[in-house]
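# Descriptive structure summary
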Amino acid sequence: MTIIWWIRRDMRLADNPALCAAARNGHVIPVFICDPSVEALGAAPKWRLGLGLEHLMAQINALGGQVILRRSDALEALKSLIQDTGATAVYWSRLYDADSIARDTRVKTGLQEIGVDTQSFEGHLLFEPWTTQTKQGGFYKVYTPFWRNVKERDIPSALPTPKLTFTDPPATDDLTSWHLGAEMNRGADVVLAHARVGESAAQDRLGDFIDENIGHYKARRDFPAEPVCSGLSENLTYGEISPRQIWHAGQHALFEGAQGAEHFLKELVWREFAYHLLYYVPNLPQDNFRSGWEKFPWRDDNKDANLWRRGRTGVRFVDAAMREMYVTGTMHNRARMIAASYLTKHLLTDWRVGRAWFEECLIDWDPAANAMGWQWVAGCGPDASPYFRIFNPDGQIDKFDKRGVYLDRWIAEDTPEPSVTALSYFNAVPRSWGLDHNAAYPAPIAPLNDGRLRALAAYSDMPKSG
Ligand SMILES: Cc1cc2nc3c(=O)[nH]c(=O)nc-3n(C[C@H](O)[C@H](O)[C@H](O)COP(=O)(O)OP(=O)(O)OC[C@H]3O[C@@H](n4cnc5c(N)ncnc54)[C@H](O)[C@@H]3O)c2cc1C
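Note that this is a predicted model, so its numbers are computed, not measured.

Within the secondary structure layout, Arg 103 lies in helix H5 (residues 98–113). According to the relative accessible area criterion, Arg 103 is buried, its value standing at 11%. Not counting chain neighbours up to four residues away, the residues in contact with Arg 103 comprise Trp 6, Arg 8, Asp 35, Ser 37, Ala 74 and Leu 95.

So, in structure tokens, the structure goes:
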């Protein structure tokens with residue numbers, strides 16, 4: 001039997017239930033399809049996906065196989081491959097956003113109609129979103145009871161890498177012809193220096209984190225200049241590592257007595273919570289979760305938001321955060337909260353404007369975590385931070401970057417000897433932005449207190465409907 005392994009966000013050989021099942025049942029044809037969902041990705045995640053795919057292709061080549069690349073609608077591509085190869089089954093790992101569910105349902109029906117076996121598998125999450133329910137039978141809207149419900153769950157052990165056998169490969173596209181990095185402008189080389197691509201890099205990252213940082217995680221994870229967090233979001237996004245592998249490594253560290261290990265596991269479960277929400281609230285990336293927020297006077301995209309995107313608000317913590325994202329493709333969690341809060345509160349700008357920019361720039365862009373994160377900060381989401389709790393970006397510097405290490409890392413202007421990272425921002429941004437590190441650092445768009453008072457007034461004027 002010949003089985004197509006339809007690769008999506010599961011670019012790994014170990015702990016991959018779909019791949020294991022395919023290997024067990026016959027010869028495997030690994031396939032990646034550049035369908036409209038791939039074409040629609042933001043510049044940075046699309047480019048990073050191409051790097052991950054290139055890496056996986058080399059891994060499969062080393063085993064004597066080949067990843068087949070096709071560019072078209074997924075169902076059409078799979079039908080044509082089935083015709084070319086005589087494959088009788090298609091296996092894949094499940095995804096949970098509304099567009100992927102709709103596409104996969106259509107593919108399943110379309111292939112079953114022509115007598116092809118289709119099977120979907122777990123693997124992107126620790127547990128399927130529909131397997132956790134409140135006592136009343138609904139989905140969780142608050143994290144803490146969700147965590148209590150799942151923390152004692154038995155998570156199956158990670159699966160080993162299966163032994164794969166391949167058939168003669170059918171025709172394939174050339175990856176370079178897809179130009180997945182075309183929209184990166186001149187930023188790709190700069191971001192590349194910060195990316196850690198592929199399954200073995202992800203395992204190294206996990207190992208380094210467990211050996212060196214998990215013990216400090218709880219105490220130091222909020223300090224953006226400290227390399228204490230795992231950085232694994234980049235690899236989780238493309239499935240270069242599985243959440244189960246991370247979970248078991250964290251549990252082992254906990255068993256060995258590592259301080260902070262439980263806190264790390266809790267953060268990993270925030271990702272599960274985000275997917276639980278996205279599954280039950282498919283419009284989470286588009287619509288305010290809480291009713292009444294449609295009446296909030298969000299500003300549409302505006303010139304202040306443009307300064308925010310370019311790291312030119314004159315508010316140092318915010319600008320540092322935005323530049324970190326442009327240069328590395330990721331942003332520290334505390335910085336994400338500060339940058340998002342400043343946009344939605346001090347600048348009163350619609351959270352969807354910020355969500356879209358993160359979607360464009362993050363190499364760890366994740367449909368569930370990004371949507372939940374933005375709604376959480378903006379105050380309109382499930383279990384959200386109350387709107388009236390407005391971060392003061394300068395106060396946050398005093399708390400989390402007292403010596404200005406993070407600021408020096410990312411702000412070059414008005415500094416006699418700017419750091420290499422701060423200067424690299426000016427190499428990464430499009431020339432059309434006209435930025436020059438020798439120019440003076442901009443004055444703040446508006447005094448922080450004015451923005452705070454305006455946000456509070458808008459909130460108190462909003463009709464509250466529950
Ligand atoms: C406005 C906003 C947007 C965000 N957008 C994304 C996004 O697009 N992609 C993304 O992966 N995360 C996003 N997050 C969540 C969080 O900032 C990142 O997951 C985290 O910074 C990744 O760094 P790390 O891998 O070093 O995390 P660690 O601290 O090492 O945590 C381990 C893992 O736990 C998960 N995790 C940790 N914190 C969160 C959280 N708050 N929500 C969900 N999962 C979490 C991640 O998978 C992470 O890799 C967003 C947060 C905010 C406030």
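Structurally, Phe 273 can be placed in helix H12 (residues 261–280). A relative accessible area of 0% places Phe 273 in the buried class. Here the alpha-carbon distance between Phe 273 and Tyr 238, two residues 35 residues apart in the chain, equals 18 Å.

This part covers the packing of helix H15 (residues 333–346) against helix H18 (residues 393–400). Here H15 crosses H18 at 165 degrees, and the two axes come no closer than 11 Å. Classified by the angle between their axes, H15 and H18 sit roughly antiparallel to one another. The two elements H15 and H18 meet at a crossing, and its hand is right-handed. Residues Arg 334, Ile 338, Tyr 342 and His 346 of H15 lie in contact with H18, whose contacting residues are Pro 393, Gln 396 and Phe 400. Split by residue class, the contact of H15 with H18 holds 4 nonpolar, 2 polar and 1 charged.

All right, on to the pattern of salt bridges then. Taken as a whole and judged by the stated rule, the model has 24 salt bridges. The shortest N-O distance in the salt bridge between Glu 39 and Arg 71 comes to 2.9 Å. Taken together, the residues span a long stretch of sequence, with Glu 39 in helix H2 (residues 36–39) and Arg 71 in the loop between strand E3 (68–70) and helix H4 (74–85) at a distance of 32 residues. On the accessibility criterion, Glu 39 (35% relative accessible area) is partly exposed. Take Arg 71: its relative accessible area is 37%, and that puts it in the partly exposed class. Two residues, Arg 355 and Glu 359, come together in a salt bridge whose shortest N-O distance is 3.1 Å. A residue pair is termed a helical-turn pair when its members lie 3 or 4 positions apart in one helix, as Arg 355 and Glu 359 do in helix H16 (residues 351–361) at 4 residues. Several salt bridges share partner residues, and in doing so they unite Arg 8, Asp 35, Arg 103 and Asp 104 into one network.

Next up on the list: the UniProt feature "binding site: FAD" (unreviewed entry) in the chain. Listed under "binding site: FAD" (unreviewed entry) in the UniProt record, and renumbered for this structure, are Tyr 217, Phe 264, Asp 364, Trp 365 and Asp 366. Topologically, Asp 364 is positioned in the loop between H16 and helix H17 (367–378). Contacts of Asp 364, omitting those with residues within four sequence positions, involve Ser 233, Glu 234, Thr 237, Gly 329, Thr 330 and Arg 336. Looking at Asp 364, its side chain comes within polar contact range of the side chain of Arg 336, at 2.7 Å. Along the chain, Asp 366 turns up in the loop between H16 and H17.

The residue His 179 is not glycine, and still its phi comes out positive at about 50 degrees. Considering the arrangement of structural elements, one finds His 179 in the loop between helix H6 (143–150) and helix H7 (188–192). Take His 179: its relative accessible area is 54%, and that puts it in the exposed class. Within the chain, Leu 348 stands out as a residue other than glycine whose phi angle is a positive 50 degrees. Here Leu 348 shows up in the loop between H15 and H16.

It is worth spelling out H18 at this point. Within H18, burial applies to Pro 393, Gln 396, Ile 397 and Phe 400. With its buried residues spanning 105 degrees around the axis, H18 presents them on a single face. Those residues of H18 hidden inside the fold are in contact with helix H14 (316–328), H15, helix H19 (405–410) and helix H21 (448–461). Backbone nitrogen of Asp 394 and a side-chain oxygen of the N-cap are separated by 2.8 Å at the start of H18; the cap is Asn 392.

The buried count for strand E4 (residues 89–93) comes to 5 of 5 residues, which makes it a mostly enclosed element. Side chains Ala 89, Tyr 91 and Ser 93 of E4 all project onto a buried face; the interleaved residues Val 90 and Trp 92 project onto the opposite face, where all are buried too. Two elements, strand E1 (residues 2–7) and E4, share 4 bridges in a ladder whose sense is parallel. Pairing of Ile 3 across the sheet is with Ala 89, part of E4. For the crossover from E4 across H5 to strand E5 (residues 117–121), the handedness is right-handed.

Under the UniProt annotation, the feature "site: Electron transfer via tryptophanyl radical" (unreviewed entry) is placed at Trp 298, Trp 351 and Trp 374. A stretch of 77 residues holds the annotated residues, and the largest C-alpha distance among them is 13.7 Å, short enough that they meet in one place. For Trp 298, the position within the fold is in the loop between H12 and helix H13 (303–309). Non-local contacts of Trp 298, meaning those with residues more than four positions away in its chain, are made with Asn 288, Trp 293, Thr 344, Leu 348, Thr 349, Asp 350, Trp 351, Arg 352, Ala 378 and Tyr 387. Its place among the elements puts Trp 351 in helix H16.

Cut-offs used in this document
- Residues numbered from 1 in each chain as written.
- Predicted model: local features only at pLDDT ≥ 70, side-chain atom pairs only at ≥ 80, totals over all residues.
- Heavy atoms only, no water.
- Helix = DSSP H or I, 4+ residues; strand = E, 2+ residues; numbered from the N terminus.
- Buried < 20%, exposed > 50% of the residue type's maximum accessible area, 1.4 Å probe, protein only.
- Contact = heavy atoms within 4.5 Å.
- Axes fitted to C-alpha atoms, helices over the stretch in contact; angles between N-to-C directions.
- Parallel < 35°, antiparallel > 145°, perpendicular 65-115°, else oblique.
- Left-handed = near helix turned anticlockwise from the far one by under 90°.
- Nonpolar A, V, L, I, M, F, W, Y, C, P; charged D, E, K, R; others polar.
- Salt bridge = Lys/Arg side-chain N within 4 Å of Asp/Glu carboxyl O.
- UniProt positions renumbered as here; feature names shortened; annotations may be inferred.
- Polar contact = N/O pair within 3.5 Å; in protein donor to acceptor, adjacent residues only side chain to side chain.
- Arc of directions from axis to C-beta.
- Pairing = 2+ DSSP bridges.
- Right-handed = clockwise from strand over helix to strand, strands pointing away.

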